[in-house]
Amino acid sequence: MKFRKMASVLLAASLLIGCAAAENRTIFKKLSEEESMANEALPVEERAESFSPAGLLSLKDRAAILVQDDTSRLYSLYTWQPGQQEMALVASNMYRAGGYAQLKDLQERLENLKEDALAGTELPDAAHCFSMLVTDGEKVYGINHLTGGIFTISGENGKAVYTDVATVQDTKIFIQEEEDYSYALIPDTVAASGDTVLMLMNTWDDKGRVTNLYALSLTDGSVRKANVENVRNVCAYKDGKFLVIASQKKEDWDENGNRIPQMAMVYDPATDTTTMLSSSIGVRDDFSYQQLAYSEKLDAVLYCDSTQVMGTTNFQKATLYAYLPMEGYHVAIVGDTIVSADYSSGIFARTLTENYQPNHVIHLSGTSVWGGIRYYAMDYPEVAVVSDSDIDSASAEEVARAFASGDDAPDIVSAYVNSYTSRDAAGGLAIERLNQKGYCKDLSVYPAVKAYVESLNPVFRDFVTDQNGKIFALPISVSGAYAFTINPTVFGEMGLTMDDIPTNFIDLCAFVTVSYTHLRAHETRH
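### Remarks on the overall build of the chain
Move 1: The number of helices and strands found in the chain is ten helices and 30 strands.
Move 2: Looking at the chain as a whole, 44% of its 526 residues qualify as buried.
Move 3: At a minimum sequence separation of 6, the contacts of the chain that also span at least 24 residues come to 50%.
Move 4: Surface summary for the chain: the accessible area is close to 27,800 Å², and the carbon and sulfur share equals 50%.

Here it is in structure tokens:
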């Protein structure tokens with residue numbers, strides 16, 4: 001997929017198109033596994049560019065998108081805003097180093113790439129490899145926690161332009177000292193607001209988890225420990241401040257195995273103080289691993305609950321704002337649009353609407369078909385996909401009751417039809433019982449499906465076809481199937497022919513027992 005280059009620096013807004021109304025679209029779709037295999041089979045000069053999304057940042061009127069080239073493993077920076085058909089390239093050939101081994105790898109790669117450079121290939125700038133990217137809403141900053149470098153990243157004709165800003169004054173916070181060795185740490189969560197970067201560092205000692213929150217100045221590189229304890233998450237907030245999620249205690253669980261409530265606070269780096277928003281969060285019991293994003297336009301804190309984009313203003317009540325094709329591991333907010341990136345799928349934009357009601361909802365139970373449904377949701381943004389409880393662990397009666405009541409009844413079910421957990425108390429397969437109760441659609445009315453099932457091995461065909469010829473399911477994977485290979489030369493040395501191949505498990509055991517001595521002798525000779 002080709003992207004147009006933006007022949008200006010990142011911040012030259014005059015060359016960006018005007019911000020159009022928010023829209024639902026696929027910004028970038030990653031090559032499927034089949035497409036990737038076909039692409040790799042082509043000569044290098046004929047291969048399509050193949051990228052994997054690696055991160056998102058929220059600028060004021062657009063999203064900054066970090067992608068990694070699947071071949072060179074180098075990074076490029078793009079921007080996108082509502083109304084653009086494609087991402088705009090800002091900078092390329094960037095290198096990311098999260099540890100000292102990667103820094104060493106960069107030096108070795110630069111030596112190996114020198115010949116390519118003579119042919120016109122741009123080499124990454126070793127002095128400006130980054131471990132973290134942050135934004136103050138205007139500029140994109142690269143931070144190297146190993147060398148202490150802080151620099152802005154912009155671009156000219158797709159080539160990275162770096163401007164040194166400061167040097168981290170104390171890089172010891174990124175080093176974990178043990179008795180006989182030390183190693184580099186990288187912050188678990190990083191957020192920037194104004195000229196301050198908050199870095200959440202989690203380590204462990206003999207007493208358990210140790211959490212520290214550090215404030216880094218983008219202006220002079222000074223570092224200090226923030227005056228807030230037991231932090232679990234952080235994101236940029238309004239007026240140059242931060243939203244901080246913290247546990248009420250150092251631990252996450254009490255002695256009875258119950259989760260200790262979390263708090264939501266506003267942290268002001270100018271005064272090193274906090275203001276309580278909620279002393280006991282009610283919308284969910286754990287925000288430790290959620291990517292949080294504040295929307296100034298909506299004045300709400302947004303987070304992803306599976307494929308649902310939820311928002312809250314008081315942390316006691318949550319409102320649905322959108323659905324994503326897959327879980328939002330990386331998100332950015334641009335006006336009333338959320339941009340989401342998934343490493344294995346692509347980058348997507350969805351309009352944020354308070355109390356959102358989709359035109360259609362597909363309830364999915366089980367994870368085996370999630371990949372196919374995900375691609376469907378990419379192409380049909382008006383359809384919401386909801387992942388419900390796994391039907392494979394429920395009895396046929398429980399599932400039937402869900403269908404009868406209409407509560408959380410799945411539209412598509414994936415289940416292991418011959419597994420122990422798929423059987424109900426009477427020993428019947430749950431999927432068969434569902435068909436008997438009339439809850440499975442007859443797929444034989446679709447000629448393509450019928451032709452596919454008829455082409456299957458009878459073992460699989462019989463699993464999905466009932467006695468009346470109704471196709472009530474489709475096989476999507478096989479597990480527990482084993483095969484044995486035979487070396488014809490060794491087989492002949494043993495005086496055996498193909499007619500001697502065992503046809504059942506008992507005969508196989510006898511065959512192995514009788515032939516064990518000969519097989520060991522052959523193994524010794526070879």
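### Observations regarding the pairing of strand S15 (residues 208–217)
Move 1: For S15, the tally of buried residues reaches nine of ten residues, placing the bulk of the element in the interior.
Move 2: Strand direction decides the pairing type here: strand S14 (residues 196–205) and S15, joined by ten bridges, are antiparallel. Residue pairing across strands places Thr203 opposite Val210, the latter belonging to S15.
Move 3: The turn linking S14 back onto S15 is made up of two residues.
Move 4: In the sheet, S15 pairs with strand S16 (residues 223–225) via three bridges, with the strands oriented antiparallel. Residue pairing across strands places Ala215 opposite Arg224, the latter belonging to S16.
Move 5: Count of turn residues in the S15/S16 antiparallel hairpin: five residues, of which Gly221 carries a positive phi of about 80°.

### Structural notes on the packing of aromatic side chains
Move 1: Taken as a whole, this structure holds ten aromatic pairs when the rule is applied.
Move 2: Seen in terms of ring centroids, Phe287 and Tyr303 are 5.0 Å apart; in terms of plane orientation they differ by 90°. Their pairing is edge-to-face. Of this pair, Phe287 sits in the loop between strand S20 (273–278) and strand S21 (293–295) while Tyr303 sits in strand S22 (residues 300–305), placing them 16 residues apart in sequence.
Move 3: We classify Phe287 as buried; its relative accessible area is 0%.
Move 4: Since its relative accessible area comes to 4%, Tyr303 is described here as buried.
Move 5: Members of the aromatic cluster, joined through ring pairs, are Phe28, Phe51 and Tyr78.
Move 6: Its end group placed over the ring of Tyr343, Lys30 keeps NZ or CZ at 6.0 Å from the ring centre.
Move 7: Sitting above the plane of the Phe287 ring, Arg284 keeps its charged end 5.7 Å from the centroid.

### Examining the sheet that holds strand S24 (residues 318–323)
Move 1: If you trace the four strands from one edge of the open sheet to the other, you get S21-S22-S23-S24, paired in antiparallel fashion. Among the strands making up the open sheet, the edge pair consists of S21 and S24. With strand direction ignored, the average angle separating the axes of adjacent strands in the sheet is 35°.
Move 2: In this structure, S21 lies alongside S22, joined through three bridges in antiparallel fashion. Within S22, the residue paired with Ala293 across the bridge is Leu302.

### Quick word on the pattern of salt bridges
Move 1: Overall, the coordinates contain nine salt bridges when judged by the stated rule.
Move 2: Note that Lys238 and Asp299 form a salt bridge whose closest N and O atoms lie 3.3 Å from each other. With a gap of 61 residues between them, Lys238 in the loop between strand S17 (231–236) and strand S18 (242–247) and Asp299 in the loop between S21 and S22 connect regions that are remote in the sequence.
Move 3: Between Asp286 and Arg259 there is a salt bridge, with the nearest N and O atoms lying 3.5 Å from each other. On the criterion of sequence distance, the pair formed by Asp286 in the loop between S20 and S21 and Arg259 in the loop between S18 and strand S19 (262–268) is long-range, its members being 27 residues apart.
Move 4: In this structure Asp286 comes out as buried when scored by relative accessible area, which is 14%.

### A closer look at a negative patch on the surface
Move 1: There is a patch of like negative charges on the surface, built from Glu177, Glu178, Glu179 and Asp180.
Move 2: Locating Glu179 in the fold gives a position in the loop between strand S11 (175–177) and strand S12 (182–184).

Rules used throughout
Residues numbered from 1 in each chain as written. Predicted model: local features only at pLDDT ≥ 70, side-chain atom pairs only at ≥ 80, totals over all residues. Heavy atoms only, no water. Helix = DSSP H or I, 4+ residues; strand = E, 2+ residues; numbered from the N terminus. Buried < 20%, exposed > 50% of the residue type's maximum accessible area, 1.4 Å probe, protein only. Contact = heavy atoms within 4.5 Å. Areas by Shrake-Rupley, 256 points an atom, 1.4 Å probe, with all protein chains shown as cover. Pairing = 2+ DSSP bridges. Phe/Tyr/Trp six-rings, centres within 6.5 Å; stacked < 30°, edge-to-face > 60°. Lys NZ or Arg CZ within 6 Å of the ring centre and 35° of its normal. Axes fitted to C-alpha atoms, helices over the stretch in contact; angles between N-to-C directions. Salt bridge = Lys/Arg side-chain N within 4 Å of Asp/Glu carboxyl O. Patch = residues over 30% accessible without salt bridge, like charges linked within 9 Å, V, L, I, M, F, W, Y side chains within 5 Å. Lys, Arg positive; Asp, Glu negative; His and termini not counted. Charge placed at Lys NZ, Arg CZ, Asp CG, Glu CD.

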